[in-house]
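What the coordinates show
So you can see what is in the structure, the chains are spelled out below.
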Amino acid sequence: MKTTLREAKSIITKSNIPEIDFVINPYIGCQHGCIYCYAEFMIRFTGHKGDKWGHFLDIKTFDFSKIKPQKYDNTRILLSSVTDPYIPLELKYKNTRKILENLVGTKAHISILTKSKFVVRDIDLFKKFDNLEVGISINTLDDEFAQIIERGASKPTERLKALKEVYDNGIKTYTFISPFFPKITDYKAIIQETLDYTDSYMLENLNFRPHNAPRIFKVIKDSYPKLLPVYEKFKRDHTEWNLIALQIKSYCDDLKLNYKIEFHHGGFSKS
Ligand code: SF4
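Conventions and cut-offs
- Residues numbered from 1 in each chain as written.
- Predicted model: local features only at pLDDT ≥ 70, side-chain atom pairs only at ≥ 80, totals over all residues.
- Core = buried A, V, L, I, M, F, W, Y, C linked by C-beta atoms within 7 Å.
- Buried ≥ 20, exposed ≤ 12 C-beta atoms within 10 Å, placed from the backbone.
- Contact = placed C-beta atoms within 7 Å.
- Near = placed C-beta within 6 Å.
- Nonpolar A, V, L, I, M, F, W, Y, C, P; charged D, E, K, R; others polar.
- pLDDT = per-residue confidence, 0-100.
- Axes fitted to C-alpha atoms, helices over the stretch in contact; angles between N-to-C directions.
- Helix = DSSP H or I, 4+ residues; strand = E, 2+ residues; numbered from the N terminus.
- Parallel < 35°, antiparallel > 145°, perpendicular 65-115°, else oblique.
- Left-handed = near helix turned anticlockwise from the far one by under 90°.
- Pairing = 2+ DSSP bridges.

Glancing now at the nonpolar core. Nonpolar side chains in soluble globular proteins tend to end up buried together. Membership of the largest hydrophobic core comes to 61 residues, with the highest contact counts inside it found for Ile24, Cys37, Ile77, Ile110, Ile112 and Ile177. Once residues lying within four places of it in the same chain are set aside, the contact partners of isoleucine 112 are Leu79, Pro85, Val119, Leu132, Val134 and Gly135.

This is how it looks when you write it as structure tokens:
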């Protein structure tokens, strides 16, 4: 992992993600290196041409004491959109923790989203906020398959354990079933597994982009060769998602879940 310290002009930035006013990305790049990642476009904008996503990390330097918590009252903040706030190197650099420490007192709604078991380190801090929720993103309960598609992230079993710990400490939680891999993501099993410690659910489809499609198809070819025609179909025709969305809706309605289906729009990490 190539790491560099990089001075940031701002650390909480305006967002163009629907329903999110500000985003916080404590790092540029992401150690998790998910094969489908939509944030890879960051390579172009941050002078990392030639670098491979998942193999570099810029640690933003900033005077965090300049953060004014009241400035964000009544807004919605997402942490993070184009990196993961609890990558392993967060344990060393603590940018996420420093930002949160300086945001204590805000009346903003803060949504933490991660694929990392290390989120539990900050439970003490989460308790200092009135309006904060913690979500984990997950698309399979199979640790081995997750290792192939999200090689640097915590295992799904570890993420779930972390989410439960967060919930047991009285923090609001959500499970973000994303990205949904057709015929692989067993959303019912994930929901059943998390029901006891999840306040709400969000589901997002897999988006094929020119940069990630070859990698996705390689994984499907290697791990689920029989599904190749299915993935070709989903890539060609977006309406294929409609049936899955209807099935999810019916299942979640039956269970009276608090849920949101975010299919088609391109996801949190929009390029
Ligand atoms: S954790 Fe998120 S930002 Fe990081 S590589 Fe995976 S999808 Fe991209």
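Moving on, we come to the site of the ligand. What surrounds the ligand is the set Cys30, His32, Gly33, Cys34, Cys37, Ala39, Val82, Thr83, Asp84, Lys115, Glu150 and Ala153. For the shell around the ligand, the per-class residue count stands at six nonpolar, three polar and three charged.

In this section: the confidence of the model for the chain. Mean pLDDT over the chain: 95, with 97% of residues reaching 70 or higher. Across residues 266–271, where pLDDT falls below 50, the model places 16 contacts with residues more than four positions away in sequence or in other chains.

Right, let's talk about the packing of helix α8 (residues 213–223) against helix α9 (residues 228–236) for a bit. Taken N-terminus to C-terminus, the directions of α8 and α9 make an angle of 155 degrees; their axes are 9 Å apart at the nearest point. Taken as axis vectors, α8 and α9 run roughly antiparallel relative to one another. Considering the relative orientation of α8 and α9, their crossing is right-handed. Residues Ala213, Phe217, Ile220 and Lys221 of α8 form the contact with α9, whose participating residues are Leu228, Tyr231 and Lys235.

A few words on the pairing of strand β6 (residues 76–79). Here two bridges tie strand β3 (residues 22–24) to β6, and the two strands are oriented parallel to one another. Within β6, the residue paired with phenylalanine 22 across the bridge is isoleucine 77. Pairing analysis gives four bridges linking β6 to strand β7 (residues 109–114), with the strands arranged parallel. When the sheet's bridge partners are listed, leucine 79 is paired in β7 with isoleucine 112.

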